[in-house]
Amino acid sequence: MQNKYDYLVVGAGLYGAVFAHEAQKAGKSVLVIDKRENIAGNVYTEKIEGIHVHKYGAHIFHTNNKKVWEYVNQFAEFNRFTNSPVANFHGELYSLPFNMYTFNKMWGVVTPEEAAAKIEEQKKAAGITNPENLEEQAISLVGKDIFEKLIKGYTEKQWGRSCRELPAFIIKRLPVRLTYDNNYFNALYQGIPIGGYTKMVDNMLKGIEVRLGEDYLQQKDEYDSIADRVIYTGAIDAYFNFAIGHLEYRSVRFDTEVLDKPNYQGNAAVNYTDVETPWTRIIEHKWFEFGKDEQGNDLPKTVISREYSSEWKPGDEPYYPVNDEKNGALYSEYKKMADKEDKVVFGGRLGEYRYYDMDAVIASALDMCEKELGV
Ligand code: UDP
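To start, this report covers the structure provided alongside it. Computed from a predicted model, the values in this text were never measured in an experiment.

Remarks on the sheet that holds strand β10 (residues 227-232)
- One open sheet accounts for five strands, arranged β9-β2-β1-β10-β16; its pairing is parallel. With partners counted over all chains shown, the strands left at the sheet margins are β9 (209-212) and β16 (344-346), one partner each. Neighbour to neighbour, the strand axes of the sheet diverge by 20 degrees on average, direction disregarded.
- Pairing analysis gives four bridges linking strand β1 (residues 5-10) to strand β2 (residues 30-34), with the strands arranged parallel. Following the sheet pairing, V10 is matched in β2 by I33.
- Strands in contact with helix α1 (residues 14-25) are β1, β2, β10 and β16; relative to β1, the strand with the most contacts, it is inclined by about 165 degrees.

Quick look at empty space enclosed by the protein
- Scanning the entire structure with this criterion turns up one cavity of 30 Å³ or more.
- The computed volume of the largest cavity comes to approximately 40 Å³.
- For the largest cavity, the full set of lining residues is T45, H52, H54, I192, P193, G196, Y197, H285, F288 and E289.
- Contributing elements (two or more residues each) for the lining of the largest cavity: β4 (51-54) and α11 (286-290).

Concerning the environment of G16
- Following the sequence through the fold, G16 ends up in helix α1.
- Accessibility expressed as a relative area gives 0% for G16, which makes it buried.
- The sequence separation of G16 and G207 amounts to 191 residues, and the corresponding C-alpha distance is 15 Å.
- In this structure G16 touches V9, G11 and T233, once residues within four positions along its chain are discounted.

Definitions and limits used
- Residues numbered from 1 in each chain as written.
- Predicted model: local features only at pLDDT ≥ 70, side-chain atom pairs only at ≥ 80, totals over all residues.
- Heavy atoms only, no water.
- Pairing = 2+ DSSP bridges.
- Helix = DSSP H or I, 4+ residues; strand = E, 2+ residues; numbered from the N terminus.
- Axes fitted to C-alpha atoms, helices over the stretch in contact; angles between N-to-C directions.
- Contact = heavy atoms within 4.5 Å.
- 1 Å grid on protein atoms, 1.4 Å probe; cavity = no way out; pocket = protein on both sides within 12 Å on 5 of 7 lines; lining within 4 Å.
- Points joined across faces, edges and corners; volume = space filled by probe spheres on them.
- Buried < 20%, exposed > 50% of the residue type's maximum accessible area, 1.4 Å probe, protein only.

Written out as structure tokens, the structure is:
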């Protein structure tokens, strides 16, 4: 008997949507399912008071990969948003990422040489030559004062672990520059899809059968029996029913409020970097779309989300893989098991247990399409 579909795609997030789009284009029959009632995974946006609210956390598209940029531009037009978050440490405000404005405010230094000398002095005093964890890496990049005011509290709230236990690569995501430049990303291309991410993913899935509210793992045998191949973008440990243990994830809770004022914080993102404030950051969604001008202030209301980070437990949404040594070792065991599943491809942030940005997810999905579909 012939299967009904060439491909079953589990998860309607970016990885799944890119694959489904390419598979359909290559003439394959595809069914996409998702256990949520919405497409677009964690990039899902929903309109509230005329504002696209990032329901599962702020997503700013940024990339240096021209192929990926051109790829997403087929499905959406992007605005000119540039991410410049502000750090709030007990009411003291600092520019992010770490740049000359930050160094000037912290130390009163004016020239790049003075800033570099200050960082060097603090790095030397801490005696770090070969940084082995996030704390040592941070101090050697920006010095002890910035580590203590802008990194330590934020990171420990975000990850629920000491900066000494966390891998150095996490802090290397952030640029450090000796110029007066508040653009958070070192990326050639950056923006937010006009009309929201949901519309962009909907365009990717045009003409493809999508079933929502369907839990693959609950009816795995049935689903496996209707498709030749499966692209699985859920959590890899859940796929194997946690047979060799749980991988750790961080989860996030969003406390979203509509406020009866046009402008709450004057910026899309404000990070609360002290350890006492219970949330990690507050997102004011309208500023992703409207720029810092009258257009946004003309809307009488605003929508904000406070973000609270917690350790994932069954029933929560997993957001961030905890890519430390212990979890890395467990993941590589799961990966061996996954490699033996010849009918299934594991992909995306949860399927590969990687702290992927959106552009990297798309690049990885496109690579997979090449292998899988020959396109
Ligand atoms: N980080 C920090 N202070 C900040 C912002 C970020 O210490 O104000 C650190 C923190 O450890 C975080 C990492 O930098 O986990 C990466 O930040 P990024 O903004 O890339 O995180 P995401 O937006 O993916 O949550």
